[in-house]
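An overview of the molecular structure
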Amino acid sequence: MFELETLKGRTAIVTGAGQGIGRIVARTLAGMDARVVVNDLSESTAECTARELRSFGAESIAFGADVTDAPAVQAMVDWAAHAFEGVHILVNNAGVLYPTKVVDISEEEWERVIDVNLKGTFLCSQAVLPAMQAAGWGRIVNLSSTAGKNISTVGGAHYTAAKAGVLGFTRHLAREVARYGITVNAVCPGLIDTEMVRSTIDEDRTLAYAESFPIPRLGRPEEVADLVAFLTTDRAAYITGASLDINGGDLMI
């Protein structure tokens, strides 16, 4: 990881940080001296990440909450602000993915994918805005996907639609809150070597995808985390409403 400026005195909430990209983002921000609230649907999974961060000397607490549940989200933000004296950074990473074809997607599955990926991003962002506006400083980074600009490599149409929605929400919110010193950006990973990807497609298909990319490998969670971390710093103060691609050249626009 290249050296980034300190986030000392800043509090970050990272959703879906029990594993995968979210876990590495939490670790990266903690390494920059941020106080990190680790969110996951499972409190025990969140606590595993928070315990790891504390073992490195970081200030970190876990909070189990479903990002689609507005009262639970508000409770998490209120608790984080009380425990760590404010909320300055939000990384909306929580997501779910299913490879179901349109003809087979149930209404329940459609709603779950849209709710976690898009509604969760909205609810968490809405909840942190008062604290960020009061502070006159904030960073919101939304995890979209290459799927949001093209189609999903391994997910279904509901995932593609949700991640496209995240990009639209990012632009709109960025315009609304820029005057408060808050930036809102999206990161669009391609195929990243995570538990979610490995559990969705088999090894042969994974290898075939990787070999088709201009940079012929899967991305690493650490590479995504470094990009997210940059967007949380003052070096990125003039970047807002942007969507930044990290996909090994799979999508070039």
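Structure report, in brief. (Residues numbered from 1 in each chain as written. Predicted model: local features only at pLDDT ≥ 70, side-chain atom pairs only at ≥ 80, totals over all residues. Heavy atoms only, no water.)

1. A short note on the overall build of the protein chain
- For the protein chain, the count of helices and strands is eight helices and seven strands.
- On C-alpha atoms alone, the protein chain measures out to a radius of gyration of 17 Å, which is about the 18 Å that the 2.2 N^0.38 rule sets for 253 residues.
- Expressed as a percentage of the 253 residues in the protein chain, the buried residues total 53%.
- Carbon and sulfur atoms form 52% of the exposed surface of the protein chain, whose accessible area is close to 11,400 Å².
- Looking at charge distribution, the protein chain has the averaged site of its 21 positive side-chain charges lying 6 Å from that of its 31 negative ones. (Helix = DSSP H or I, 4+ residues; strand = E, 2+ residues; numbered from the N terminus. Rg over C-alpha atoms; globule rule 2.2 N^0.38 Å. Buried < 20%, exposed > 50% of the residue type's maximum accessible area, 1.4 Å probe, protein only. Areas by Shrake-Rupley, 256 points an atom, 1.4 Å probe, with all protein chains shown as cover. Lys, Arg positive; Asp, Glu negative; His and termini not counted. Charge placed at Lys NZ, Arg CZ, Asp CG, Glu CD.)

2. Section: the packing of aromatic side chains
- Enumeration according to the criterion identifies two aromatic pairs in this entry.
- Centroid distance Phe63 to Trp79: 5.1 Å. Interplanar angle 50°. Geometry classified as tilted. Of this pair, Phe63 sits in strand E3 (residues 60–64) while Trp79 sits in helix H3 (residues 70–84), and the two are 16 residues apart along the sequence.
- Take Phe63: its relative accessible area is 17%, and that puts it in the buried class.
- Overall, Trp79 belongs to the partly exposed group, its relative accessible area being 34%.
- Pairing Phe122 with Phe169 gives two aromatic rings, centres 6.3 Å apart and planes at 90°, and the pair type is edge-to-face. Within this pair, whereas Phe122 is found in helix H4 (residues 107–135), its partner Phe169 is found in helix H5 (residues 157–177), the two being separated by 47 residues in sequence. (Phe/Tyr/Trp six-rings, centres within 6.5 Å; stacked < 30°, edge-to-face > 60°.)

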